[in-house]
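What follows is the residue order along each chain.
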Amino acid sequence: MKKYLLFILIFACRPSLYAQNIFISKGQIEFEKRVHFIANVNDIFKKDGDDDNGESDFINTIKKQLPEWKTTYFNLYFDDKKTLYEPGREVTEAGPKGPDWFNDPAQDNVVFCNLDTKQSVAQKSVYDSKFLLADSLRKARWKITNDSRDIAGFNCRKATTIINDSIFVVAFYTDQILTTGGPESFNGLPGMILGLAIPRLHTTWFATKVETTEPTVSTLTPPAKGKKATNADLSTKLQSVFKDAWNKKYAQHAQWIIEL
Amino acid sequence: MNKNFTLLFFCLFFFFIASAQKASLKGVIEDTTAKEKLVNTTIALLRAKDSTLYKFTRSKPGGLFQIDNLDSGKYVLMITYNRYADYYDTFSIAQNEIKNLGSVMMTLEANLLADVTVRSKIAAMRMKGDTLEYAADSFHVRQGATVEDLLKVLPGIQVDKNGNITAQGEKVQKVLVDGEEFFGDDPTVATQNLQADALKSVQVFDKKSDQAEFTGIDDGEKTKTINLKLKDDKKKGYFGKIDAGGGTDNRWNNSAMINNFKGKKKISAYGIMSSTGKTGLGWDERNSYGSGNNLEYDDDFGGFYSNDNDEFSGGTYYGEGVPKSWAAGLNFGNKFNDDKQNFNGSYRFNKISTTGTGNTFSQSILPDSLFYNKESSTSFNSRYRHSLSSVYEQQFDSSFSLKFTGNGYTGHQNTFSNYLSQALDEDGALVNQSKRTISSIGDNSSLNLNLLLKKKFKKQGRTISWNISDIYNASNTDGFLYSQNSFYAKGIMILQDTTDQEKKNDSKVNIFNTKLVYTEPIVKNLYAEINYAFRLSTNKSENLSYDKALDNKYSILNDTFSTHYSFDVTTNTGGAALKYNGKKITFGAGTDIASTNFNQNDLFKDTVLKRNYLNFFPKANFIYKFTPQSRISINYNGRTSQPSIEQISPVADNTNPLIITKGNPSLKQEFRHNINFNVNKYKMLSQSGFYVYGNLAITSNAIVTNQFTDDKGITTYTYVNTDGNYNMYSGLSFFKKFTKANFNLNYGLRYSGSRYSNFVNGQKNQTDNYNPTFELGFNKGKEKKYDISYWGNIGYNISKSSINTSLSTKYWTQDHNLDFTVYFLKKFEFNNNMEANLRQKTVVFNTNNNVLLWNAYIGRKFLKKDKALLKFSVHDLLDQNKGYDRQLNTNTITERNYNTINRYFMLSFVWNFSKTAAGMPAPAQ
């Protein structure tokens with residue numbers, strides 16, 4: 001039984017959405033994920049202490065070969081209490097690509113969340129392995145603010161939280177979408193997260209469009225391939241791998257990214 | 001029965017908790033004016049103390065809502081509904097309380113105009129073209145204020161409660177820091193996280209679209225932008241290093257280095273004097289105190305290489321003998337115009353003097369006989385050089401760049417060598433004996449200019465690059481050769497000759513080179529590349545030998561051993577290639593064709609030697625990437641190469657009268673095929689992996705030596721073409737980390753083999769070499785406790801010559817290296833490094849050449865952050881270090897010993913100092 005009224009929209013455009021009080025509980029959102037890649041590289045290779053003004057040959061050379069920004073697209077399908085987040089359309093960007101081994105891990109995550117049972121299943125490519133992480137939803141302590149901004153035609157309220165004890169996260173959610181989901185494994189706000197920013201990782205996710213096409217049942221199924229583990233298992237594993245990493249900042253950065 | 005009871009108990013228990021301790025909140029949401037019940041309103045409870053979300057729900061049909069299971073406490077009730085004003089209320093709820101709010105009235109949003117206070121401080125503002133600039137320090141804000149606080153007080157800029165910025169009445173969409181996007185498209189990240197006192201100025205302007213900047217055609221699209229310029233003194237300071245060491249046996253090693261930086265400007269200087277083998281800046285010092293390591297990135301294999309080829313810049317002396325060296329340098333670097341222009345210039349002085357003694361013993365295999373050669377030498381070599389180098393780079397826009405490099409040096413060299421050699425026959429009887437003294441004094445200079453222009457077009461993959469370079473080298477030497485050769489037959493001297501000559505050599509080489517490369521995308525991921533290059537090499541070489549006249553002056557020109565040439569080589573190269581660059585697969589294939597003209601003019605004999613060659617350079621490569629860390633790659637390169645001018649011109653070189661080299665004018669080009677393959681696999685999570693590599697080079701029509709050794713032991717070398725030469729090496733290696741034990745292990749095998757054909761006294765000789773080697777290494781460490789590492793290898797060497805199959809050389813070699821450091825009493829460290837190089841004796845080389853080199857030091861760290869180190873060290877504790885080299889070449893096997901740095905003790909002090917202005921903003925949150 002449906003608790004909420006459901007309006008099926010044929011056209012979703014900005015003025016009409018804002019003007020009418022329409023509540024959406026099924027549909028599909030495209031997120032544009034942007035990473036300020038050079039800023040991350042600067043963070044990772046910035047030398048400690050005061051022995052240098054922060055630039056080495058290696059990093060100066062490689063910076064010229066790296067894209068300043070990396071843009072990828074993800075789709076979030078949602079139907080009432082279920083959401084599935086997965087890589088979307090592929091775009092080839094002009095400009096340098098940089099060496100493969102310089103790319104971050106876990107850039108093609110598939111995340112399924114059941115908001116009712118509070119369980120999630122995430123598939124993440126971590127270097128040479130593919131993991132299937134079944135776990136309960138992230139328990140974030142969201143701080144609600146009075147700020148708001150417009151994203152993809154929806155009025156969104158800003159909320160902030162801190163994850164992994166130190167990473168500041170900004171989310172913008174709209175209460176016009178009833179499903180309380182969001183990109184990656186972020187959810188639990190009183191509506192859909194349409195914008196997400198993690199300044200420490202120089203990364204943002206912003207919805208570019210919201211469509212109300214109902215996702216099929218087969219779309220909203222959890223990923224099934226990969227080595228089964230819990231988030232805690234993976235975290236322990238990564239800690240042992242990164243324990244003696246030559247670049248502690250890289251290890252920290254990679255671990256944060258994998259554990260998003 | 002029992003089970004049901006338990007269930008009942010739990011039901012009651014939960015009921016008890018729910019009803020006895022948990023409170024509820026309920027109500028109805030209504031519209032103030034229309035009195036309509038609002039469905040789907042968001043009702044959220046925030047914890048009053050920190051506004052964090054506690055619970056939320058939506059209103060049901062009829063506007064009803066209810067939140068159960070509430071802990072007692074103080075909350076903020078936030079009710080939101082699109083287009084309605086937010087409703088806030090603070091309330092407390094007690095245990096077990098059921099709070100009914102009744103009707104909550106929601107009001108439609110009304111827009112309020114914010115009060116704007118404009119304070120004017122005109123003097124602190126100015127217009128620069130289209131840019132309005134505020135001097136940050138002219139506007140006072142409290143200590144620790146953020147940029148947002150500063151913006152609020154700037155006239156013409158308003159910041160609303162949400163952090164949105166309005167400048168000159170328009171919404172600011174971008175905030176840049178030093179011209180770069182600080183983070184994403186949320187301006188508040190920069191303004192709320194940066195500290196105001198780090199700013200030099202705030203600039204407000206309309207940023208044209210990227211398109212408009214690229215094309216220069218204004219499309220009218222503009223974005224109101226604020227640029228925050230940081231103060232330069234926020235990045236000002238200096239750092240340096242002083243290393244002073246004195247030891248026994250006249251050993252010293254002193255250096256001082258300093259780098260002073262202010263913003264992007266960097267001035268560094270260093271001075272080094274050492275008798276322990278340090279000749280210049282080391283790899284890591286070069287980045288901080290020199291002009292860098294000239295790293296280049298290669299897109300095809302995704303890795304880096306350093307293209308530094310200055311003989312003085314290695315930092316460590318690896319040559320023969322005992323060196324004394326002096327070095328000094330001054331380096332200046334700066335970046336302008338938001339890093340779009342980059343200049344680096346440096347001056348260096350190097351001086352190195354070496355004294356050496358050495359012994360060489362070799363066996364030469366001839367078709368029907370054997371020769372042994374013994375030679376001992378002493379030498380003194382001193383050289384110095386003044387060098388200047390500069391790099392200038394400019395990025396005109398994101399698609400067009402320029403790079404200019406200019407390097408030059410002028411130097412002086414002084415060498416003196418003394419040789420004593422003997423040739424013995426199979427039975428050990430003396431065949432010839434020679435005493436030689438060579439000395440020379442000379443100057444050399446070089447200039448190397450290079451300009452590279454790169455342009456990328458709007459269509460992805462369409463690029464053009466143009467490189468133009470000129471290299472000039474000159475050297476001038478004046479020296480003397482004195483040699484006395486005695487020839488013996490059956491132990492009786494039958495002939496003696498003496499050469500006493502002055503040699504004046506002068507050479508000038510200029511190479512002009514230009515290359516144009518154009519790439520064009522054909523279909524997705526497939527590109528075509530065409531290139532054209534022109535190269536002109538102009539050489540002038542004068543080698544004059546003078547014999548001593550009766551008046552003891554070297555005034556008689558010796559025609560046989562004097563040459564004077566000018567020769568030009570002109571090369572035109574054109575080439576085409578296809579490249580496919582997919583996600584998993586990369587491949588490319590193509591060829592270059594070069595037409596080369598030789599034009600040699602013998603200015604003595606007034607003859608001209610001309611040669612035209614057409615050379616091919618086919619190439620192909622294939623890469624398959626399994627994962628970013630695993631790949632297989634196969635490479636093929638082919639090249640024709642023409643003989644060098646020495647190989648075709650019949651010039652005799654008598655620097656050593658017992659070894660004479662002559663060219664062969666009828667030589668053909670050789671063709672060399674090179675195939676290379678690599679497989680790499682690395683598992684990041686288990687930190688294990690392996691790699692396999694192989695390389696095979698086959699040369700057809702190879703240019704090889706044709707040697708003729710007469711019964712006096714004089715060997716004349718000339719050159720001929722032959723087939724069948726190859727050279728291969730391959731290997732595989734495994735590595736694994738045992739995480740728990742913190743133990744790294746690697747092991748592998750490598751194998752190399754080669755066949756080299758040459759002609760000995762008219763007979764073809766094939767020399768085959770084989771060398772399998774096993775390698776093993778491990779390391780283990782515990783932070784602040786100890787580090788231990790070992791690597792070693794055991795190899796077997798076989799060499800056979802077809803002209804004398806009964807004589808084959810076979811021996812084992814072993815290398816072991818053990819490094820062990822213990823850290824104790826917090827500040828102390830004790831290091832031992834042992835290196836053993838063992839070589840099995842052979843029938844010919846029957847002296848003991850094993851070396852065990854043991855170095856050790858004990859050090860104590862001082863000062864804050866362990867910035868100073870006092871160190872007592874010993875080099876070659878066992879005093880048995882020696883220079884050694886054994887080589888298997890064609891039909892000659894050679895062993896060489898030479899003197900090197902032996903045992904010494906040294907006390908040294910290293911101090912790292914630095915000062916940096918603090919105050920850079922802390923990273924976000």
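As the structure is a prediction and not an experimental result, all values here were calculated from the model.

Examining the overall build of chain B
Part 1: Check the secondary structure of chain B and you find 6 helices and 51 strands.
Part 2: Looking at chain B residue by residue over its 925 residues, the buried ones come to 19%.
Part 3: When contacts within chain B are restricted to residue pairs at least 6 apart in sequence, long-range pairs at least 24 apart make up 60% of them.

What to know about the overall build of chain A
Part 1: The helix and strand tally for chain A stands at 5 helices and 12 strands.
Part 2: Residues counted as buried form 35% of the 260 residues belonging to chain A.
Part 3: Within chain A, contacts between residues at least 6 apart in sequence are counted, and of these 59% link residues at least 24 apart.

Comments concerning the environment of arginine 83 of chain B
Part 1: Here arginine 83 of chain B lies in the loop between strand 5 (73–80) and strand 6 (87–93).
Part 2: A sequence separation of 595 residues divides arginine 83 of chain B from asparagine 678 of chain B, and the C-alpha atoms of the two residues are 64 Å apart.

Considering helix 5 (residues 248–258) of chain A
Every α-helix winds through 3.6 residues per turn, so residues three or four apart in the chain are directed the same way.
Part 1: Every buried residue of helix 5 of chain A is accounted for by Ala254, Ile257 and Ile258 of chain A. All buried residues of helix 5 of chain A lie within an arc of 95° about the axis, which places them on one face of the element.

Some words on the nonpolar core
Part 1: Within the largest apolar cluster, 73 residues are counted, with the highest numbers of intra-cluster contacts made by Ala171, Tyr173, Ile193 and Leu194 of chain A together with Ala44 of chain B.
Part 2: Leaving out residues up to four positions away in the same chain, alanine 171 of chain A has contacts with Ala159, Gly182, Phe186, Leu189, Ile193, Gly195 and Leu196 of chain A.
Part 3: One finds Leu132, Val159, Leu199 and Leu228 of chain B within the second-largest nonpolar core, a separate group that totals 21 residues.

Topic: helix 4 (residues 231–242) of chain A
Residue and element names in this part refer to chain A.
Part 1: Over its 12 residues, helix 4 extends 16 Å from the first C-alpha to the last, a length consistent with the 16 Å expected when each residue adds 1.5 Å.
Part 2: Inspection of helix 4 places Leu234, Leu238 and Val241 among the buried residues, and these make up the whole buried set. Mapping the buried residues of helix 4 onto a view down its axis gives an arc of 60°, with all of them on the same face. In helix 4, the exposed positions that point more than 90 degrees away from the buried face belong to Ala232, Thr236 and Gln239.
Part 3: Taken together, the buried residues of helix 4 touch strand 6 (129–136), strand 12 (227–229) and helix 5.

What about unusual backbone geometry?
Residues and elements named next belong to chain A.
Part 1: Phi is positive for alanine 106, which is not a glycine, with a value near 55°.
Part 2: In this structure, histidine 202 is a non-glycine residue whose phi angle is positive, near 50°.
Part 3: Of note, histidine 202 is situated in the loop between strand 10 (192–198) and strand 11 (203–211).

With respect to the sheet that holds strand 4 (residues 64–70) of chain B
To summarise the sheet geometry, strands pair through backbone hydrogen bonds and adopt either a parallel or an antiparallel arrangement.
Residues and elements named next belong to chain B.
Part 1: The 3 strands are arranged 4-1-7 in an open sheet whose pairing can be described as mixed. What marks the edges here is a single partner per strand, and that holds for strand 4 and strand 7 (98–106). Each strand axis lies, on average, 20° off the axis of its neighbour in the sheet, ignoring direction.
Part 2: As judged from the 5 bridges shared by strand 1 (residues 23–31) and strand 4, these two strands associate in the antiparallel manner. Bridge pairing in strand 4 links valine 28 to leucine 64.

Focus on the packing of helix 2 (residues 37–45) of chain A against helix 5 of chain A
Residue and element names in this part refer to chain A.
Part 1: Packing of helix 2 against helix 5 brings their axes to within 7 Å, and their N-to-C directions diverge by 135°. Judged by the angle between their axes, helix 2 and helix 5 are oblique. Taking contact as the criterion, the partners of Asn40, Asp43 and Ile44 in helix 2 are, on helix 5, Lys249, Tyr250 and His253.
Part 2: Each residue belonging to the contact of helix 2 with helix 5 can be placed in one class, and the counts come to 2 nonpolar, 2 polar and 2 charged.

Section: the environment of valine 760 of chain B
Residues and elements named next belong to chain B.
Part 1: Along the chain, valine 760 falls in strand 42 (residues 743–760).
Part 2: Using a count of 25 C-beta atoms within 10 Å as the deciding quantity, one classes valine 760 as buried.
Part 3: Along the chain, valine 760 and asparagine 706 lie 54 residues apart, while their C-alpha atoms are 6.0 Å from each other.

A short note on the sheet that holds strand 12 (residues 170–171) of chain B
Residues and elements named next belong to chain B.
Part 1: Strand order across the open sheet formed by 3 strands is 10-11-12, with antiparallel pairing between neighbours. Either end of the sheet is taken by a strand with one partner, and the two such strands are strand 10 (157–159) and strand 12.
Part 2: With 2 bridges joining them, strand 11 (residues 165–167) and strand 12 adopt antiparallel strand pairing. Its bridge partner lying in strand 12, threonine 166 is registered against lysine 171.

Some points on the confidence of the model for chain B
Residues and elements named next belong to chain B.
Part 1: In the predicted model, chain B carries a mean pLDDT of 83, and the fraction of residues at 70 or more is 87%.
Part 2: Here residues 11–20 is modelled with pLDDT under 50, and outside its nearest four sequence neighbours on either side it reaches 3 contacts, counting other chains as well.
Part 3: Long-range and interchain partners of residues 211–218, a stretch whose pLDDT sits below 50, account for 10 contacts in this model, where long-range means more than four residues apart.

Some remarks on the pairing of strand 5 (residues 119–126) of chain A
All names here are of chain A.
Part 1: When you tally the buried positions in strand 5, you get 6 out of 8 residues, the bulk of the element.
Part 2: As defined by bridge partners, strand 4 (residues 110–114) adjoins strand 5 across 5 bridges and the pair is classed as antiparallel. Bridge pairing in strand 5 links cysteine 113 to serine 120.
Part 3: Connecting the antiparallel pair strand 4 and strand 5 is a turn made up of 4 residues, with lysine 118 showing a positive phi of about 60°.
Part 4: Linkage of strand 5 to strand 6, two consecutive antiparallel strands, is achieved through a turn of 2 residues, within which tyrosine 127 is found at a positive phi near 55°.

A closer look at the environment of arginine 750 of chain B
Residues and elements named next belong to chain B.
Part 1: Summarising the element assignment, arginine 750 is placed in strand 42.
Part 2: On a C-alpha basis, the gap between arginine 750 and glycine 731 in space is 3.9 Å, while along the polypeptide they are 19 residues apart.
Part 3: Excluding anything up to four places from it in sequence, arginine 750 contacts Tyr729, Ser730, Gly731, Thr773 and Glu775.

Observations concerning the confidence of the model for chain A
Residues and elements named next belong to chain A.
Part 1: Across chain A, pLDDT averages 83, with 87% of residues at or above 70.
Part 2: Mean pLDDT across the elements of chain A ranges from a minimum in helix 1 (residues 14–19), with 42, to a maximum in strand 4, with 96.
Part 3: Here residues 1–19 is a poorly scored stretch, pLDDT under 50, and it has 25 contacts once near neighbours within four places are set aside; other chains count.
Part 4: Of the regions scoring below 50 in pLDDT, residues 49–54 engages in 12 contacts with residues more than four places distant in sequence or in other chains.

Rules used in this analysis
- Residues numbered from 1 in each chain as written.
- Chains lettered and ligands numbered in written order.
- Predicted model: local features only at pLDDT ≥ 70, side-chain atom pairs only at ≥ 80, totals over all residues.
- Helix = DSSP H or I, 4+ residues; strand = E, 2+ residues; numbered from the N terminus.
- Buried ≥ 20, exposed ≤ 12 C-beta atoms within 10 Å, placed from the backbone.
- Contact = placed C-beta atoms within 7 Å.
- Arc of directions from axis to C-beta.
- Core = buried A, V, L, I, M, F, W, Y, C linked by C-beta atoms within 7 Å.
- Expected span 1.5 Å × (residues − 1).
- Pairing = 2+ DSSP bridges.
- Axes fitted to C-alpha atoms, helices over the stretch in contact; angles between N-to-C directions.
- Parallel < 35°, antiparallel > 145°, perpendicular 65-115°, else oblique.
- Nonpolar A, V, L, I, M, F, W, Y, C, P; charged D, E, K, R; others polar.
- pLDDT = per-residue confidence, 0-100.

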